[in-house]
Amino acid sequence: GVTNDVGGKYVTFPLKTRRNTGIGYRNEMEQLQAPGRQGWATVKVPLRYGYGRVLLSGQTIELAKENYQAFASAMTEEMDGLRTDITKDTNRILWGNGVGVLATVDTAAATAATNISVGTNYNHVKWIDMDMRVDILSSNGATVKVSNALVTGINNTTGDITISPGLTVAAVVGDIVVRTGNYNREPQGMTSLVTDSTDPLFTLSSSTEPLWSSPVDSSGGALSESKMIAMCDRLRENGGSPSVIFMDLGTRRAYFNLLTTNRRFTGTQQYDGGFTGLAFAYDKDIPVITDVD
């Protein structure tokens with residue numbers, strides 16, 4: 001299904017967007033209502049290409065001539081490690097929005113600096129690794145504060161990172177940290193798919209197709225069964241059927257507290273499609289799946 005269009009390659013597929021409204025009731029011999037049909041739209045998803053590169057020293061390569069096993073072991077370790085690292089980064093991307101934001105500056109700096117605050121604890125720096133190459137950009141990506149900087153320090157307690165070289169201009173609240181060159185080049189993830197603010201998405205706008213916009217409850221506050229049931233109700237009212245609930249670790253802890261409060265101790269269950277998790281009772285058991293990202 002890959003097509004070549006101006007600007008790149010895309011996967012194009014049809015999406016049902018409207019119901020048949022040619023429905024009505026009449027008395028005998030009355031004129032029937034106007035006919036209707038299913039509404040379809042064409043959605044174009046741009047292809048994204050991910051790469052992993054490995055650095056081997058000249059001395060390691062020289063081992064291939066005299067000690068092939070030593071070279072093979074070094075290569076295997078690097079490739080196996082890279083495969084694991086790509087898997088971890090891909091999981092982050094699948095929950096993201098395609099922009100590639102790893103962290104967001106939360107404290108303005110008076111001058112250009114090497115130490116940048118992107119939060120208040122370990123949770124705000126969990127996607128940044130030592131020796132990672134990063135760009136720090138303005139919130140809209142238009143201004144480059146530093147390019148291809150090396151992460152030389154991470155403070156899990158304060159949510160700060162140290163880079164080299166330092167910023168060329170002072171950071172302000174809202175500046176973003178991305179992998180070098182990744183800004184706006186990553187695949188679209190769940191954050192951009194399940195939203196009411198990404199418009200248009202894949203060339204389709206919710207202003208013309210309202211069902212393309214997801215129901216979102218942004219009221220905040222403590223997690224409760226009534227809020228979860230209300231969201232499931234909204235999905236049903238839109239013609240959908242909730243099939244899975246995804247949570248981060250903090251929300252899972254809140255959900256565990258709900259079960260404890262109500263004295264409902266539910267065991268882990270195995271669901272179709274490989275899901276394993278707790279259940280949320282809503283007409284049927286809906287699997288509750290936890291993901292670290």
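All values reported here derive from a predicted model rather than from experimental measurement. (Residues numbered from 1 in each chain as written. Predicted model: local features only at pLDDT ≥ 70, side-chain atom pairs only at ≥ 80, totals over all residues. Heavy atoms only, no water.)

This part takes up the overall build of the protein chain. Scanning the protein chain from terminus to terminus reveals five helices and 13 strands. The C-alpha radius of gyration of the protein chain comes to 25 Å, more than 25% above the 19 Å expected for a compact globule of 293 residues. Its C-alpha atoms put the protein chain at 90 × 55 × 50 Å along the principal axes. Once local pairs closer than 6 in sequence are excluded, the contacts in the protein chain between residues at least 24 apart make up 60%. For the protein chain, the accessible area works out to roughly 18,800 Å², and carbon and sulfur atoms hold 53% of it. Computed over 26 positive and 30 negative side-chain charges, the separation of the two mean positions in the protein chain equals 4 Å. (Helix = DSSP H or I, 4+ residues; strand = E, 2+ residues; numbered from the N terminus. Rg over C-alpha atoms; globule rule 2.2 N^0.38 Å. Contact = heavy atoms within 4.5 Å. Areas by Shrake-Rupley, 256 points an atom, 1.4 Å probe, with all protein chains shown as cover. Lys, Arg positive; Asp, Glu negative; His and termini not counted. Charge placed at Lys NZ, Arg CZ, Asp CG, Glu CD.)

Once that is clear, we can look at the environment of Val125. Along the polypeptide, Val125 turns up in the loop between β5 (115-117) and β6 (133-137). For Val125, a relative accessible area of 2% puts it in the buried group. Each C-alpha atom of the pair Val125 and Thr104 lies 9.4 Å from the other, and the pair is 21 residues apart in sequence. (Buried < 20%, exposed > 50% of the residue type's maximum accessible area, 1.4 Å probe, protein only.)

What follows deals with a nonpolar patch on the surface. A cluster of nonpolar residues, Met190, Leu193, Val194 and Phe246, forms a patch on the protein surface that exposes about 310 Å² of accessible area. Along the polypeptide, Phe246 turns up in strand β10 (residues 245-247). (Patch = residues over 30% accessible without salt bridge, like charges linked within 9 Å, V, L, I, M, F, W, Y side chains within 5 Å. Salt bridge = Lys/Arg side-chain N within 4 Å of Asp/Glu carboxyl O.)

Bridge count between β6 and strand β7 (residues 144-155): four bridges; the pairing is antiparallel. In the sheet register, Arg133 faces β7, and the bridge partner there is Leu150. The hairpin turn running from β6 into β7, its antiparallel successor, is six residues long, and Gly141 in that turn takes a positive phi close to 80°. Where β7 and strand β8 (residues 160-164) come together, five bridges link them in antiparallel fashion. Within β8, the residue paired with Asn155 across the bridge is Asp160. Once β7 ends, the chain turns through four residues before running back antiparallel as β8, passing Gly159 with a positive phi of about 75°. (Pairing = 2+ DSSP bridges.)

Turning next to the packing of aromatic side chains. Two descriptors summarise a pair of aromatic rings, namely the distance from one centre to the other and the angle between the planes of the rings. Counted by the stated rule, this structure contains two aromatic pairs. For Lys44, the ring lying beneath its charged end belongs to Tyr10, and the centroid distance is 4.4 Å. (Phe/Tyr/Trp six-rings, centres within 6.5 Å; stacked < 30°, edge-to-face > 60°. Lys NZ or Arg CZ within 6 Å of the ring centre and 35° of its normal.)

Summed over the entire model, instances satisfying the criterion amount to nine salt bridges. With a shortest N-O distance of 2.9 Å, Asp89 and Arg92 are connected by a salt bridge. One end of the pair is Asp89 and the other is Arg92, both in helix α2 (residues 68-94) and three residues apart, which spans about a single turn. Each member of the pair, Asp89 together with Arg92, is buried. Salt-bridge contacts for Arg92 lead to Glu186; the nearest nitrogen and oxygen are separated by 2.9 Å. Placement of Arg92 in helix α2 and of Glu186 in the loop between β9 (176-179) and α3 (190-193) is noted, with a sequence separation of 94 residues between them. Through salt bridges that share partners, Asp89, Arg92, Arg179 and Glu186 make up one connected network.

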